[in-house]
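Observations on the model geometry
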Amino acid sequence: AMRSNVRILLVGDAGVGKTSLILSLVSEEFPEEVPSKAEEITIPGIVTPEQVPTNIVDYSALEMTDENLGEEIKKANVVCIVYSVEDDNSLSRITSHWLPLVRNYCNGDQRKPIVLVGNKSDLVEYSTIDNVLAIMEDFPEVESCVECSAKTLHNISEMFYYAQKAVLHPTSPLYVMEEQDLTPQCKKALVRIFKICDIDGDNLLNDYELNLFQRRCFNTPLQPQILDEVKAVISKNVPEGICNDAVTLKGFLFLHCLFIQRGRNETTWAVLRKFGYNENLEISKDYLHPFIKIPPGSSTELSHRGHQFLTTLFERYDRDCDGALSPEEHRTLFSTCPTTPWSYSTDIRKSCPVNKNGWVTLHGWICRWTLMTHVDLNKTLEYLGYLGFNVHENETQLAAIHVTRERRIDLAKRQNSRSVYICHVIGQKATGKTAFCRAFLSDDMNSLLNKEFKTSVAYCINTVQVYGQEKHLILRDVNVNEVLDPLQPQEVNCDVACLIYDRSNPKSFEYIARIYIKYYAESKIPVMVIGTKGDLEEKRQDYLLQPDEFCQKYKLMPPQVFSLKDKKKELYTKLATMAAFPRFQAAWILFYKHRRLRQFSLMTDDSIVWWKVGLGLAAATIVGFFILKSFRSGPPNSRTR
């Protein structure tokens, strides 16, 4: 966004006409009596060309100390150095005194934009512009120069317009005068903009893409005649600028170079600002991180528009149309970003579904973005900004985000309104947590047998069906270094907890039993206990209660059995169902045989309770009858192999 106001300071030798210029601008006539210094004036934005309020400050050596002058230079956005065109001494003092003085009060490389103003042009028949152009080559902070007359009012308005323009649309960040070319930072920004606008990915901007670019930046389409004229200018000056009647990257860069050479910096700046760039040609923090309020207990998901944008983006860069992004296609997709948001080799393949080559599919792509949106919303907003969501959708990235209702409301209603659930997988090392998480992503769980997992990824995500509706389930592998290490609140709070122990290790169950009693016994978070390595012989646990007895005592579901040799994945569906219906165990009833119902206090003569259970089952049957079979997974205490 442009500055909300502009502060202009006029300096120069005594008698060059600084005060007269200010008074002539305000009164639109030459003052008969001129004070030694004009009071600071404010010009309302409505009467300025750029619609920005402007403060004009005068300098007088008689009324201001050097210290006062230094403070004003620091506060000013632009400094106008005024000289008299009839006084060679005042012209030479621009380089010998005034420019070094202004530089001295600037911090490091942050140089103040300068406008050189030659006053009293009515008194001479010649121009000093050639002399001033030589100064501009030696001092790149000099944005422009103008000759004017306070007496005849010639170029008075233009002088202050150039000063405004030097602040709002500076040349130096965009263009190197000595090289007659765009700065490296400007080229980099325009290359990113070109890639975002290249919708079909052919490295050309066709008429449709140019018109879309024009509408987004200037809210008006390009007339066919003007479009043809633009192409003709590019073709005449840059032979490689036009290809197949479309604009190439070279042609696009030349066009902006031409705008700047013709003094139309505002055109290039309008484009840059539309794509989020600030005055330092960096994408602004406000653009990348628009403010969003997340109530306590709420979570964030991708909205329908977010899904659509990311799907379109995937399809655009899937050049070979094989339904997956190769490492090169993935790298090209994120070429408009400083870096990729995740590692393709170590993260993607272990956190979301991929194909047999280890390449992320469209399904996996949406899953990975869903994961990032849930656990790191700021990063999602940032990368949507880099990828051009704001431009293509003509709204901020917030249109891609859905904020869910608070968890306390879900608990009160005993039904979750979310489409993304997070499950914390907790257990000691060597219990098979990582294998359990990786199996969620694999179509062939047997391929993970005897595999050593050298690197661990904290999160993995996939989709499951809950009563006929697709839900995303995130598994978080909670890292436990020592048995006595306390869990942090962020490691405990989740939609459903999965406590894992090794059935073949007699000392394994005690840890999760203590975890449950300490953190979950009094909470409202649903908990599932899972015994891993179900293909090995089950050992009696060295704990005062066996897992089955423990679950019965605390009215938990019976321990579930998991083995990589078993290709069934109903455990993940069960976890998602528990998250979808927290504290409403009637919705979990299909997991178990009736003999288990008494354990959950569901066997009762109270007809009201059974009416609620029946209603819940009826609704579930209507919505998802076709998945009931997968829930009837046999006796819960039977072993699966």
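None of the values given here were measured: they were computed from a predicted structure.

Let us now look at the overall build of the chain. Regarding its fold elements, the chain presents 25 helices and 20 strands. Look at the contacts in the chain between residues 6 or more apart in sequence, and 71% of them connect residues 24 or more apart. With the model as given, the accessible surface of the chain reaches about 30,800 Å², and the carbon-plus-sulfur share is 50%.

This part covers the sheet that holds strand β5 (residues 114–119). Spatially, six strands are ordered β2-β3-β1-β4-β5-β6 in an open sheet, and the strand pairing comes out mixed. The open sheet has two edge strands with one neighbour each: β2 (41–43) and β6 (142–147). Strand-to-strand twist across the sheet, computed as the mean angle between neighbouring axes with direction ignored, equals 25 degrees. Taken together, the three bridges between β2 and strand β3 (residues 54–57) define a ladder with antiparallel strand orientation.

The next point concerns the packing of aromatic side chains. What describes a pair of aromatic rings is the distance from one ring centre to the other and the angle between the planes of the rings. Here the structure, examined in full by the defined rule, presents 24 aromatic pairs. Look at Y59 and W98: their rings are 6.0 Å apart centre to centre, the planes differ by 75 degrees, and that puts the pair in the edge-to-face class. Taken together, the residues span a long stretch of sequence, with Y59 in the loop between β3 and α2 (66–75) and W98 in helix α3 (residues 88–104) at a distance of 39 residues. Within the aromatic cluster, the residues linked to one another by ring pairs are F314, F334, W342, W365, W369, Y383 and Y386.

Attention now moves to the packing of helix α1 (residues 18–27) against helix α5 (residues 156–168). Between α1 and α5, whose axes approach to 9 Å, the crossing angle comes to 105 degrees. Considered as vectors, α1 and α5 are oriented roughly perpendicular to each other. Contacts between α1 and α5 involve L21, I22 and L25 from the former and I156, S157, M159 and F160 from the latter. Its residues assigned to classes, the contact of α1 with α5 comprises six nonpolar, one polar and no charged.

A few words on the sheet that holds strand β18 (residues 496–502). Strand order in the open sheet formed by six strands is β16-β17-β15-β18-β19-β20, with mixed pairing between adjacent strands. The two strands at the open ends of the sheet, each matched to only one other strand, are β16 (459–466) and β20 (560–561). In this structure, β16 lies alongside strand β17 (residues 469–477), joined through eight bridges in antiparallel fashion. Pairing of C460 across the sheet is with L475, part of β17. Relative to the sheet, helix α21 (residues 509–520) contacts β15 (420–426), β18 and β19 (527–532), its axis offset from that of β18 by approximately 155 degrees.

This next bit is on the nonpolar core. Membership of the largest hydrophobic core comes to 94 residues, with the highest contact counts inside it found for I193, L272, F275, F334, W365, W369 and Y520. Listed in part, the 31 residues of the second largest apolar core include Y421, F440, F562 and A580.

Turning our attention to the pairing of strand β4 (residues 78–84). The element β4 is extensively covered by neighbouring structure, given that seven of its seven residues are classed as buried. Side chains of β4 alternate between two faces, with V78, C80, V82 and S84 and V79, I81 and Y83 buried alike. By the bridge criterion, six bridges tie β4 to β5 in an arrangement that is parallel. Note that in β5 the partner of C80 across the bridge is V115.

Glancing now at the confidence of the model for the chain. With 88% of its residues at a pLDDT of at least 70, the chain reaches an overall mean of 86. Between residues 592–641, whose pLDDT stays under 50, and residues either more than four places distant or in other chains, the model counts 77 contacts.

Look at E28: it is not a glycine, yet its phi comes out positive at around 60 degrees. Topologically, E28 is positioned in the loop between α1 and β2. For E28, a relative accessible area of 62% puts it in the exposed group.

Moving on to helix α6 (residues 184–197). Here α6 spans 20 Å end to end across 14 residues, near enough to the 20 Å set by a 1.5 Å rise per residue. Turning to α6, its buried residues are C186, A189, L190, R192, I193, F194, I196 and C197.

Opposite charge on two side chains makes pairing possible when the charged atoms of those side chains draw close. One pass over the full model with this rule turns up 22 salt bridges. R7 is the partner of E40 in a salt bridge, and the nearest nitrogen-oxygen pair spans 3.1 Å. Taken as a pair, E40 in the loop between α1 and β2 and R7 in strand β1 (residues 6–12) lie far apart in primary sequence, 33 residues in all. Among the ionic contacts, a cluster of salt bridges with common partners joins R7, E40, E72 and K75.

A full pass over the atoms with the stated rule returns zero disulfides. You can see C352 has no disulfide; the closest cysteine sulfur is in C367, sitting 6.7 Å from it. Lacking any disulfide linkage, C460 is separated from the closest cysteine sulfur, that of C437, by 4.6 Å. Residue class for C460 comes out buried when judged on its relative accessible area of 4%.

A few words now on the pairing of β6. With six of its six residues buried, β6 lies for the most part within the structure. Where β5 meets β6, five bridges bridge the pair, whose relative direction is parallel. By the bridge assignment, V117 is partnered in β6 with V146. The parallel pair β5 and β6, bridged by helix α4 (residues 129–138), forms a crossover whose chirality is right-handed.

Quick look at a negative patch on the surface now. On the surface, E28, E29, E32 and E33 cluster together into a patch of negative charge. Along the polypeptide, E29 turns up in the loop between α1 and β2. A relative accessible area of 52% places E29 in the exposed class.

Okay, the packing of helix α15 (residues 362–375) against helix α16 (residues 377–386) next. Their axes nearest at 5 Å, the elements α15 and α16 cross at an angle of 125 degrees. Looking at the two axes, α15 sits oblique to α16. Taken together, the residues of α16 that come into contact with α15 (itself represented by W369, M372, T373 and V375) are L377, K379, T380, Y383 and L384. Of the residues in the contact of α15 with α16, the class split is six nonpolar, two polar and one charged.

Here is what the cut-offs are and how they apply
- Residues numbered from 1 in each chain as written.
- Predicted model: local features only at pLDDT ≥ 70, side-chain atom pairs only at ≥ 80, totals over all residues.
- Heavy atoms only, no water.
- Helix = DSSP H or I, 4+ residues; strand = E, 2+ residues; numbered from the N terminus.
- Contact = heavy atoms within 4.5 Å.
- Areas by Shrake-Rupley, 256 points an atom, 1.4 Å probe, with all protein chains shown as cover.
- Pairing = 2+ DSSP bridges.
- Axes fitted to C-alpha atoms, helices over the stretch in contact; angles between N-to-C directions.
- Phe/Tyr/Trp six-rings, centres within 6.5 Å; stacked < 30°, edge-to-face > 60°.
- Parallel < 35°, antiparallel > 145°, perpendicular 65-115°, else oblique.
- Nonpolar A, V, L, I, M, F, W, Y, C, P; charged D, E, K, R; others polar.
- Core = buried A, V, L, I, M, F, W, Y, C linked by side-chain atoms within 4.5 Å.
- Buried < 20%, exposed > 50% of the residue type's maximum accessible area, 1.4 Å probe, protein only.
- pLDDT = per-residue confidence, 0-100.
- Expected span 1.5 Å × (residues − 1).
- Salt bridge = Lys/Arg side-chain N within 4 Å of Asp/Glu carboxyl O.
- Disulfide = S-S within 2.5 Å.
- Right-handed = clockwise from strand over helix to strand, strands pointing away.
- Patch = residues over 30% accessible without salt bridge, like charges linked within 9 Å, V, L, I, M, F, W, Y side chains within 5 Å.
- Lys, Arg positive; Asp, Glu negative; His and termini not counted.
- Charge placed at Lys NZ, Arg CZ, Asp CG, Glu CD.

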